[in-house]
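Coordinates in review
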Amino acid sequence: MALDTMKHIFRKGQSSDQPTFILLHGTGGDESDLFPLALRLNPNYNMLGVKGNVDENGMTRFFKRHGEGQYDWKDLEERGTELYEFLQAAAKEYDFDLENAILVGFSNGTNIAINLLLREETKFAKALLFAGLYPTHIDHVKDLSGTDIYLSMGTHDPIVPVSESERLIDLFQRSGANVTTHWTQSHGITEESLNEAVKVVNEQ
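Fair warning: this is a prediction, and the values are worked out from it, not measured in the lab. (Residues numbered from 1 in each chain as written. Predicted model: local features only at pLDDT ≥ 70, side-chain atom pairs only at ≥ 80, totals over all residues. Heavy atoms only, no water.)

1. Let's talk about the sheet that holds strand 10 (residues 148-154)
As a reminder of what qualifies: Any two strands with at least two DSSP bridges between them are considered paired. To qualify as a helix, a DSSP run of H or I must reach at least 4 residues; to qualify as a strand, a run of E must reach at least 2; elements of each kind are numbered from the N terminus. To define axes, lines are fitted to C-alpha atoms, for helices over the stretch in contact only, and angles between the resulting N-to-C directions are given on a 0 to 180 degree scale. By definition in these notes, contact holds between two residues if any of their heavy atoms fall within 4.5 Å.
Reading across from one edge, 1-3-2-8-9-10-11 is the order of the seven strands in this open sheet, with mixed pairing throughout. If you trace the sheet from one side to the other, it starts and ends with strand 1 (8-11) and strand 11 (178-184), each paired once. Going from strand to strand, the sheet's axes swing by 10° on average, the running direction of each strand aside. Note: strand 10 against strand 11, seven bridges, orientation parallel. Counterpart to Asp-148 in the pairing with strand 11 is Asn-178. In the packing of helix 2 (residues 73-94) onto the sheet, contacts are made with strand 1, strand 2 (20-24) and strand 3 (46-50), and the angle to strand 3 comes to roughly 145°.

Printed below as a string of structure tokens:
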């Protein structure tokens, strides 16, 4: 069963019709990492924290890589499929609407979230993406009209060059998504970037 393929934690929200945060950690994290962030975003929503299945020298990731920014694209596609099948099973098990879910990713979690967003078969209400790096040129972009995407990026991020952040902005703008951007300093989630994300969550 796909539900057994990934370690996770589910926390039921205030009511069954609440949106669901899908929480995707950064390199070295686990399924509980982003729960404090989700509680700040909206404590009434459902929360699903997922742990990646890849071990990189003792650090948990969602997909393999050959070095910083050098992704194993075949593995990324396979892991993206694995994650989406898990999410479909989780939505049935925990009774939530996957199309009304909000992807919340940090770093490596953001990158697997981007893969999910760009798949033709998927639909998500919103995505809050912190410190992402998706270094590829994509000619055909899926229509993401009606999807709210929040991008928090660093002007002096030691991992993600500004040029790559700008490429990500362009990618989602070309998709027709409603894109909100926020620039911080480095590779992290600041109080200000979190406050801006809260605004996107609560926009109707």
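2. Some thoughts on the packing of aromatic side chains
As a reminder of what qualifies: Any two of the Phe, Tyr and Trp rings considered here, Trp counted by its six-membered ring, make a pair once their centres fall within 6.5 Å; the pair's planes then place it as stacked at under 30 degrees, edge-to-face at over 60, or tilted in between. Accessibility here uses a 1.4 Å probe with only protein chains present; expressed as a share of the type maximum, an area under 20% marks a residue as buried, one over 50% as exposed, and anything in between as partly exposed.
All told, the structure shown has seven aromatic pairs when counted by the stated rule. Both rings, one in Phe-10 and one in Tyr-94, keep their centres 4.4 Å apart while their planes meet at 10°; by these two values the pair is stacked. Highlighted residues: Phe-10 in strand 1 and Tyr-94 in helix 2, separated in sequence by 84 residues. For Tyr-94, a relative accessible area of 23% gives the class partly exposed. Ring centres of Phe-10 and Phe-96 lie 5.9 Å apart, and the angle between their planes is 10°; this geometry places the pair in the stacked category.

3. Side note on the packing of helix 2 against helix 3 (residues 108-118)
Worth spelling out the cut-off: Between 65 and 115 degrees an angle is taken as roughly perpendicular, under 35 as roughly parallel, over 145 as roughly antiparallel, and anywhere else as oblique. Each residue receives one of three labels: charged for Asp, Glu, Lys and Arg, nonpolar for Ala, Val, Leu, Ile, Met, Phe, Trp, Tyr, Cys and Pro, and polar for the others, Gly being one of them.
Viewed as axis vectors pointing N to C, helix 2 and helix 3 meet at an angle of 75°, and their least axial separation amounts to 10 Å. When the axis of helix 2 is compared with that of helix 3, the two are roughly perpendicular. Contact residues: helix 2 offers Leu-76, Glu-77, Arg-79, Gly-80, Leu-83, Tyr-84 and Leu-87, while helix 3 offers Ile-112, Asn-115 and Leu-116. Residue composition of the contact of helix 2 with helix 3, grouped by class: six nonpolar, two polar and two charged.

4. Let's talk about the pattern of salt bridges
For clarity, the cut-off: A pair is scored as a salt bridge if a Lys or Arg side-chain nitrogen falls within 4 Å of a carboxyl oxygen belonging to Asp or Glu.
Counting across every chain of the model gives twelve salt bridges. Salt-bridge contacts for Lys-74 lead to Glu-78; the nearest nitrogen and oxygen are separated by 2.6 Å. Of the two residues, Lys-74 and Glu-78 both sit in helix 2, four residues apart, roughly one turn of that helix. Judged by its relative accessible area of 58%, Lys-74 is exposed. One salt bridge in this structure joins Arg-79 and Asp-75, with 3.3 Å as the shortest N-O distance. With Arg-79 and Asp-75 both in helix 2 and four residues apart, the pair spans about one turn of that helix.

5. Some thoughts on the packing of helix 3 against helix 4 (residues 162-174)
Helix packing for two helices is described by the angle between their axes and how far apart those axes are. Note the cut-off: Left-handed describes a crossing whose near helix is turned anticlockwise from the far helix through less than a right angle; right-handed describes the clockwise counterpart.
It is at 12 Å that the axes of helix 3 and helix 4 come closest, and there the two elements cross at 20°. Relative to helix 4, the element helix 3 is oriented roughly parallel. Helix 3 and helix 4 meet at a crossing whose hand is left-handed. In contact with Ile-114, Leu-117 and Leu-118 of helix 3, helix 4 contributes Leu-168, Leu-171 and Phe-172. Grouping the amino acids of the contact of helix 3 with helix 4 by side-chain chemistry returns six nonpolar, no polar and no charged.

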